[in-house]
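# Summary of the model geometry
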Amino acid sequence: VQLQASGGGLVQAGGSLRLSCVASGGTFSTYGMGWFRQAPGKEREFVATVTRSGGSVYYADSVKGRFTISRDNAKNTVYLQMNSLKPEDTAVYYCAAVKGFSIVPGSYDYWGQGTLVTVSS
């Protein structure tokens, strides 16, 4: 499975961005999908995940109420809508695929290349 993330950029605090991740080379609907992020000098951390059908989602406390993960299995795409962005959301954001449901980076089988989100104060 190949994953291609896009949609990052520079935004002011309080603004919004929508990240997209398109999958190819596999059966997208058989994978749970997650978003992770890594800020400079920090460990990669969990942001959000969605089950294969899209019926269940789970968020890190730091983004709950501001970010929304969703997927469109017909388009092989997972999204991350990010609202009320804060400077501390600045990071490279990665999408990833897992056979199952997990918030642990090491559980994921496939990773995209990352897209940079920069939030200015």
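Up top is the structure.
Residues numbered from 1 in each chain as written. Predicted model: local features only at pLDDT ≥ 70, side-chain atom pairs only at ≥ 80, totals over all residues. Heavy atoms only, no water.

## A word on the environment of Tyr79
What counts here: Secondary structure elements follow DSSP: runs of H or I no shorter than four residues count as helices, runs of E no shorter than two count as strands, and numbering proceeds from the N terminus. Relative accessibility under 20% of the residue-type maximum defines a buried residue, over 50% an exposed one, and the middle range a partly exposed one, all with a 1.4 Å probe and only protein chains included. In this analysis, two residues are considered to be in contact whenever any of their non-hydrogen atoms come within 4.5 Å of each other.
With respect to the helices, strands and loops of the structure, Tyr79 is situated in strand 8 (residues 77–82). Residue classification places Tyr79 among the buried positions, given a relative accessible area of 13%. Tyr79 sits 54 residues away from Gly25 along the chain, and the two C-alpha atoms are 18 Å apart. Apart from the residues lying within four places of it in its own chain, the contact partners of Tyr79 are Arg18, Leu19, Ser20, Trp35, Thr68, Ile69, Ser70 and Asp72.

## With respect to the packing of aromatic side chains
Keep this limit in mind: Any two rings among Phe, Tyr and Trp, with Trp reduced to its six-membered ring, count as a pair given centres within 6.5 Å; such a pair is stacked if its planes are under 30 degrees apart, edge-to-face if over 60, and tilted if neither.
On inspection of all chains with the given rule, the structure shows seven aromatic pairs. Residues Tyr94 and Trp111 carry aromatic rings whose centres are separated by 6.4 Å and whose planes lie at 80° to one another, so their mutual orientation is edge-to-face. Of this pair, Tyr94 sits in strand 9 (residues 91–98) while Trp111 sits in strand 10 (residues 110–111), and the two are 17 residues apart along the sequence. Tyr94 gets classed as buried once you look at its relative accessible area, which sits at 13%. Exposure remark for Trp111: the relative accessible area of 28% places this residue in the partly exposed category. By way of ring pairs, the aromatic residues Phe36, Phe46, Tyr58, Tyr94, Tyr108 and Trp111 are connected into one cluster.

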